[in-house]
Amino acid sequence: MTAKKLPVTIMRGGTSKGVYILEDDMPSNHDEWEALLLRLMGSPDSKQIDGLGGSYSVTSKVAIIKKSDNPDADVDYTFAQVSVDKPLVSYKGNCGNISSGVGPFAIEKGLVQAQDGITTVRIFNTNTQKIIAADVRTPGGMVEYSGDFAIAGVPGTASPVKLKFVSPAGTLGKGLLPTGNATDILDVPEFGQVQVSIIDAANPLVFVKAKDIGLTGKELPDNLNANPKMLELLETIRGLAAQKLDLIDDYTKSAWETPGIPKMTFVASPEDYTTSDGKAIAKGDIDILSRMMSMQKPHPSYAMTGAMCTAAACVVPGSVVNQVLAPNADTQFIRIGHPGGILECGVDYRENGKCPEIIDTFGFRTANLLMEGTASIRG
């Protein structure tokens, strides 16, 4: 059988790495996308040895991009999370890290005309139906990848990309508080009741206090991966939240039916801790400790959309996140302590009783173009 030739670009976006594809190069029948993307990434296989995936959820991602017909956007961007070990492609939710590569990719492919200095690329994310504004440095009309800006979880430095998520609340169509409450109580089988906050900004997240489930908030991915009972508990809580959001009927099927959202997150008040690479982080240098799960595994750092939702949750009175946030934290400069280090983000909002109006959330990432070429995809 003749292999299909697919033009692709591999980019690092934030702390993720993915394959970026022009939608015009994809099959016009979207029903054919799943099989193609699974073959492209080499899934299902824990090593993804026969594809472009990197065997982790953060390296098994795809961005599909085209010029937009939306008057408020320059490009449309569809995010696909390709499962590593399951024959599954999820289009539910967005990836903020991969989003940071969309602006540079759009400029490189001529979808957006670069300006001399900074080029703002307005991105319509089809997964969440939200606009993201990406400020990309383009001196002389060329994308600049080198720079002196560092992000935790990526070695070295690069040029910063500012991402602003405009009116990010309500990706599920149910507002910032999709249950109507700042906190809810979930009855977790064989565990008991757990207080959670389900917040929807940029992506829906379910937050729980680390101490309420026997954790500290300082855990590293290896600690969690060595504790299958805790992984099961975290997925059960996530599944129950998904069921409460009407994303699924049976919480036990969450890993298959809605593996990407809501994202499971546990938080704690600031404490000294050590990162995965042995760096000491002081209590006074962060405003909150937080750990995220990605596709049923611990995230090695922190998802950008997760940071956006965490920033929004910080200003929800009484939310689980608000309860553990450091006193007098600056909502224009929230410092999240995660396994890879510190992520800074912010939120612009208007107070509105128990549910603030989120104007935008923002943060900085970096991106790097790694390879342009042609993938060979056999049937």
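Placed above this text is the structure.
In this report, the structure presented in the accompanying data block is examined. (Residues numbered from 1 in each chain as written. Predicted model: local features only at pLDDT ≥ 70, side-chain atom pairs only at ≥ 80, totals over all residues. Heavy atoms only, no water.)

### Regarding the overall build of the protein chain
Phase 1: When helices and strands are tallied, the protein chain shows seven helices and 19 strands.
Phase 2: With the principal axes as the frame, the protein chain shows a C-alpha extent of 55 × 45 × 40 Å.
Phase 3: Contacts in the protein chain between residues far apart in sequence, at least 24 positions, make up 64% of those at least 6 positions apart.
Phase 4: Positive and negative side-chain charges of the protein chain, numbering 35 and 43 respectively, have mean locations separated by a distance of 2 Å. (Helix = DSSP H or I, 4+ residues; strand = E, 2+ residues; numbered from the N terminus. Contact = heavy atoms within 4.5 Å. Lys, Arg positive; Asp, Glu negative; His and termini not counted. Charge placed at Lys NZ, Arg CZ, Asp CG, Glu CD.)

### Topic: the pairing of strand β15 (residues 288-294)
Phase 1: For β15, the tally of buried residues reaches seven of seven residues, placing the bulk of the element in the interior.
Phase 2: As paired elements, strand β12 (residues 263-268) and β15 share four bridges and run antiparallel to each other. Looking across to β15, one finds that Val267 is bridged to Ser290.
Phase 3: Bridge count for β15 against strand β17 (residues 334-338) is two bridges, and the pairing is parallel. Paired with Ile288 across the two strands is Ile336, which belongs to β17.
Phase 4: When β15 meets strand β16 (residues 297-298), the two strands line up antiparallel, connected through two bridges. Within the sheet, the bridge partner assigned to Ser294 lies in β16 and is Lys297. (Buried < 20%, exposed > 50% of the residue type's maximum accessible area, 1.4 Å probe, protein only. Pairing = 2+ DSSP bridges.)

### Re the pattern of salt bridges
Phase 1: In the structure shown here, the tally under the stated rule is ten salt bridges.
Phase 2: With a shortest N-O distance of 3.6 Å, Asp85 and Lys86 are connected by a salt bridge.
Phase 3: The salt bridge involving Asp246 is made with Lys174; its shortest N-O contact spans 3.8 Å. With Asp246 in the loop between α4 (228-244) and α5 (254-257) and Lys174 in the loop between β8 (160-166) and β9 (184-188), this residue pair connects regions lying 72 residues apart in the sequence.
Phase 4: Of the residues examined, Asp246 reaches a relative accessible area of 63% and is grouped as exposed.
Phase 5: Several salt bridges converge on common partners, so that one network encompasses Arg39, Asp50 and Arg378. (Salt bridge = Lys/Arg side-chain N within 4 Å of Asp/Glu carboxyl O.)

### Thoughts on the environment of Tyr251
Phase 1: By the secondary structure assignment, Tyr251 is in the loop between α4 and α5.
Phase 2: Distance in space between the C-alpha atoms of Tyr251 and Ala241 is 8.1 Å, their sequence separation being ten residues.

### Let's talk about the packing of aromatic side chains
Phase 1: Using the criterion set out here, one finds two aromatic pairs in the structure.
Phase 2: Geometrically, the ring pair formed by Tyr20 and Phe105 is tilted, given 5.8 Å between the ring centres and 35° between the ring planes. Pair noted here: Tyr20 is in strand β2 (residues 16-22) and Phe105 is in helix α2 (residues 96-108), with a separation of 85 residues, a long-range link.
Phase 3: Tyr20 gets classed as buried once you look at its relative accessible area, which sits at 1%.
Phase 4: By relative accessible area, Phe105 is classed as buried at 2%. (Phe/Tyr/Trp six-rings, centres within 6.5 Å; stacked < 30°, edge-to-face > 60°.)

### So, the pairing of β9
The two faces of a sheet get side chains in turn, since along a regular strand they alternate between them.
Phase 1: Because side chains alternate across β9, one face comprises the buried residues Asp184, Leu186 and Val188, and the other comprises Ile185 and Asp187, none of which is buried.
Phase 2: As paired elements, β9 and strand β10 (residues 192-201) share five bridges and run antiparallel to each other. In the sheet register, Ile185 faces β10, and the bridge partner there is Gln195.
Phase 3: Once β9 ends, the chain turns through three residues before running back antiparallel as β10, passing Glu190 with a positive phi of about 65°.

### Describing α4
Phase 1: With 17 residues, α4 extends 24 Å between its outermost C-alpha atoms, agreeing within 8% with the 24 Å of an ideal straight helix rising 1.5 Å per residue.
Phase 2: In terms of burial, α4 is a largely internal element, twelve of the 17 residues being buried.
Phase 3: Within α4, the full set of buried residues consists of Met230, Leu231, Leu233, Leu234, Glu235, Thr236, Ile237, Arg238, Gly239, Leu240, Ala241 and Ala242.
Phase 4: One or two positions beyond α4, positive phi appears at Asp246, with a value near 65°. (Expected span 1.5 Å × (residues − 1).)

So yeah, pure geometry; function would need other evidence.
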